[in-house]
Amino acid sequence: MSTIPQSSPAASSTLANASTKSVTEASYDAIPYCSFPVPASHPDRMFNVARLFGLDPVLPESARVLELGCAGGGNLIPLANRFPKASFVGVELSKVQCDNAISAANYIGLKNLEIRHASITDINADLGKFDYVICHGVFSWVPDFVRDAILHVSSANLSERGVAFISYNTLPGWHFRGMLRSMMLQHVEGLEDPQAKTSQARTLLKFLAEANEGSNSMHAAFYRSEAVAFDKHPDQYVYHEYLEAFNKAYYFKEFVSEAQKHSLQFLGESDLPSNWIGNLNEKAKAKLEKVNDLVLRSHYMDCINNRTFRESLLVHSDAKIDRNVSADLLASARFSGSFKETVPSENPNSTADSTQKCYKLASGRVLTTSERSTQLAAEFLDQVYPCSLPIADLHRQIEDQLEKESMPSKIELKQLAASMIQWSLSGWIQFRFLDDRMKSSGFQKPKTTAWARSQARAGDLVTNQNHNVVRISGEDRLVLPMLDGTRDMESLANEMELLVRSGAIDLVLTDENKNLKGKELHRHAARQIVERLAANSFLLPETN
Ligand SMILES: C[S@@+](CC[C@H](N)C(=O)[O-])C[C@H]1O[C@@H](n2cnc3c(N)ncnc32)[C@H](O)[C@@H]1O
C-alpha cells in the first residue's frame, strides 16, 4: 500500500478539503458501509438522558434531526418513517451511498427526509438549527479539519435545547486495536484493491492467532479474541474500521476539551450504565467516588475498563445540567425490563430459603432475591415487556399484591423509583420519560412500520421499534409485510390459510395446536406469529 494520506496543517483548507474528499469518498463509494440503525443514537435515548439530567429537550416526534455521514440511510430512514411530523436531513460524502439512501427512502414514500450529497465541511448556518445532531462512526475516521467541522456543526447548528451524539474510538482500549491496525497496514502495503487488502488483513490476524496457539501471553489472548471477533465482522466493517486512511482515537478528557472549544459540554453517555461508577468493583468505586470531576472520573473508568469506544452526548455549554435527579422527575418515569424466572444455577435443588427466587435478565445476568416487593417489581415489569410501566402503576400493582398476600406495604413510591433508576443505571432495565413506541398485547389490527415491511420483503434483517435489527425468518417474514394496520386477526387467519394451502408455510403440529382443526388452527398460528413479532418489538401502538 502507498503511504497513508495525512492532512497537512500547512496546506490551505481548500486544498486539504479537495484531496481528502476524494480519498474518503472514493473509499466509501468503492466499499459502501452496511448502513444499520444505531440504537444509542435514537432521539428517544437522547431525550431521556437530557430529561434525567434536568434539561428540557424537544420531543422527538416534532424535532428537526441532522445526521452527519448518514451512509445508506439505515439509521435515518426508520426514524423518519417512525416520526412523520419530525424532519430529517442526512449529509453524506459518498455519492453511491447517497443514491442508495434516496432510493430506499423513495421506495417507502418518505416526505420528511432529505439526503444531501455534500461534505460535513460544507454545512453552514443556511441549513438551520437541529434539535438532535447524530454523528456515528465518523469522528475517528476523518482528518482533523473534518473532525473540527463535526464539532462546529454540532454546536453552531444545534438548537438551544438541542442534544448532539458523537461516537469515537477511545483510549486506552484502542491502543490494542491500533497495534493491530498498524500491523495490518504494514502487511497490505503495496496493495491497491480494497477487497485484497481486507482479505490480507484477515489472513494476517489468523496467522498471528495460530502462531500463538498454546501461548498464554497477553498478546496471544488478544490476537485470538480479535480473530474470533473478525470472523463475525463483514468485509466492509474490517476495511473501514482498520484500513481507512484516517483513524484517531481519543482519551475521553481530550474529546471533552475539543468539544469545549466549540462551546459544548458533556451531558452523559448515551449508554448511561457504561459510565456509572456503581458498576465498578467496590475498591474502584470507593476510590473514584472521591473524584468529584465527572470527566476525570470517566477517564479513570476508561482506564479501568480499557474502553475502546464511546457514544457521548453533548449540549451547549450554557445548558443547566442537574445531575441530582429529583423525586418529582422520577415520579413521571416509566420502566421496562425482562425477568424470566429460573432455577439457581449453582445449587438447583437448594431448599435453604424457600422464599428466594431467581430471574434471568435480558443481559443474561441473574437476579436472586427473597425480598417480595423486589420479586413483584421484576414480575410486573416482565408481564408487559417489551413495553414499559409508569412508576406509579408499578407501585400500585406491588402494593395491591402485597395486600392480597396479607403483607404490610413495604415500599414507598419514592423509594421504588430510586431503586428502579439504580436498576436502570446498572443496566438491568431501561427507563424512559416518553410513552412506549410499541404494543405488546391486545391486538385489533396489528401494524408494523412501512420500513420494516419493506425490509422483510427484501431480506431477513428487519428494524424493530427499539431501533435494533432483528433477523426474522420463515412464516414471520411472510406475515410481517401484511401487518399494515388494515387486517384484523380474523383476516390474518384467512391469510394464514392461503399461505398454508399454497405450500408457502408448513404448519408444524405441537402439543399446543395438535387438537386444533381448520380455522381454529389458522387463528392460533396467526396469533402466535403476531405475538412473536410483538415480543421482538415490531408492533406499533394501533392508534399510529
Ligand atoms: C463508518 S461510516 C458510518 C456510517 C453511519 N453513520 C453508520 O454509523 O452506520 C462513515 C460515513 O461517513 C461518511 N463521511 C466521511 N467523511 C465525510 C464528510 N466529510 N462529509 C460527509 N460524510 C462523510 C462516509 O462516506 C461514510 O458513509
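Residues numbered from 1 in each chain as written. Predicted model: local features only at pLDDT ≥ 70, side-chain atom pairs only at ≥ 80, totals over all residues.

Caption draft 1: A look at the overall build of the chain. If you tally the helices and strands in the chain, you get 20 helices and 15 strands. The C-alpha radius of gyration computed for the chain amounts to 25 Å, which stays within 12% of the reference 24 Å derived for 544 residues, consistent with globular compactness. Dimensions of the chain, computed from C-alpha atoms along their principal axes, come out at roughly 75 × 65 × 60 Å. Out of the 544 residues belonging to the chain, those deemed buried represent 40%. Of the contacts formed within the chain by residues at least 6 apart in sequence, a portion of 73% connects residues at least 24 apart. (Helix = DSSP H or I, 4+ residues; strand = E, 2+ residues; numbered from the N terminus. Rg over C-alpha atoms; globule rule 2.2 N^0.38 Å. Buried ≥ 20, exposed ≤ 12 C-beta atoms within 10 Å, placed from the backbone. Contact = placed C-beta atoms within 7 Å.)

Caption draft 2: Structural view of the domain arrangement of the chain. Split into domains, the chain comes out as domain 1 (13–171 + 248–278 + 307–316), domain 2 (173–242), domain 3 (327–432) and domain 4 (450–535). Measuring from the centre of the C-alpha atoms in domain 2 to the corresponding centre in domain 3 gives 43 Å. (Domains from an automatic or database assignment.)

Caption draft 3: Region of interest: the site of the ligand. Taken together, 24 residues lie around the ligand, and Tyr28, Gly69, Ala71, Leu93 and Gly137 are the ones closest in. Contributions of two or more residues to the shell around the ligand are made by α1 (13–30) and β2 (87–92). (Near = placed C-beta within 6 Å.)

Caption draft 4: Highlighting unusual backbone geometry. The omega torsion of the bond from leucine 171 to proline 172 falls at 10°, within 30 degrees of zero and hence cis. Along the chain, the position of proline 172 falls in the loop between β5 (158–169) and α6 (173–187). A positive phi angle, close to 50°, is found at asparagine 306, a residue other than glycine. Positive phi is not limited to glycine here, since histidine 467 has a value of about 65°.

Caption draft 5: Region of interest: the sheet that holds strand β11 (residues 366–369). As summarised here, the arrangement of the three strands in space is β9-β10-β11, forming an open sheet in which the pairing is antiparallel. Every other strand in the sheet has two partners, leaving β9 (339–342) and β11 as the edge strands with one partner each. Mean inter-strand twist for the sheet, computed between neighbouring axes without regard to direction, equals 35°. Alignment of strand β10 (residues 357–361) against β11, held across four bridges, turns out to be antiparallel. When the bridges of β11 are listed, lysine 357 appears paired with threonine 369. Against the sheet, helix α14 (residues 372–384) engages β9, β10 and β11, with an angle of about 120° to β9. (Pairing = 2+ DSSP bridges. Axes fitted to C-alpha atoms, helices over the stretch in contact; angles between N-to-C directions.)

Caption draft 6: Local environment of the packing of helix α10 (residues 252–260) against helix α12 (residues 294–305). Contact geometry of α10 with α12 gives a least axis separation of 8 Å together with a crossing angle of 145°. For the pair α10 and α12, contact is made by Phe252, Lys253 and Val256 and by Val295, Ser298, His299 and Asp302, respectively. When grouped by side-chain class, the residues that make up the contact of α10 with α12 number three nonpolar, two polar and two charged. (Nonpolar A, V, L, I, M, F, W, Y, C, P; charged D, E, K, R; others polar.)

Caption draft 7: Quick peek at the sheet that holds strand β12 (residues 389–390). Strand order in the open sheet formed by three strands is β12-β8-β13, and the pairing between neighbours is antiparallel. Two strands in the sheet have a free side with no partner beyond their single neighbour: β12 and β13 (430–432). Here strand β8 (residues 334–336) pairs with β13 via three bridges, running antiparallel. In the strand pairing of β13, serine 336 is matched with glutamine 430.

Caption draft 8: Fine view of the pairing of β10. Side chains Lys357, Tyr359 and Leu361 project from β10 onto a buried face, and the interleaved Cys358 and Lys360 project onto a face without burial. Bridge count between β9 and β10: four bridges; the pairing is antiparallel. Paired with phenylalanine 339 across the bridge in β10 is leucine 361. The turn joining β10 and β11, which pair antiparallel and follow one another in sequence, is formed by four residues; a positive phi near 100° is taken by glycine 364.

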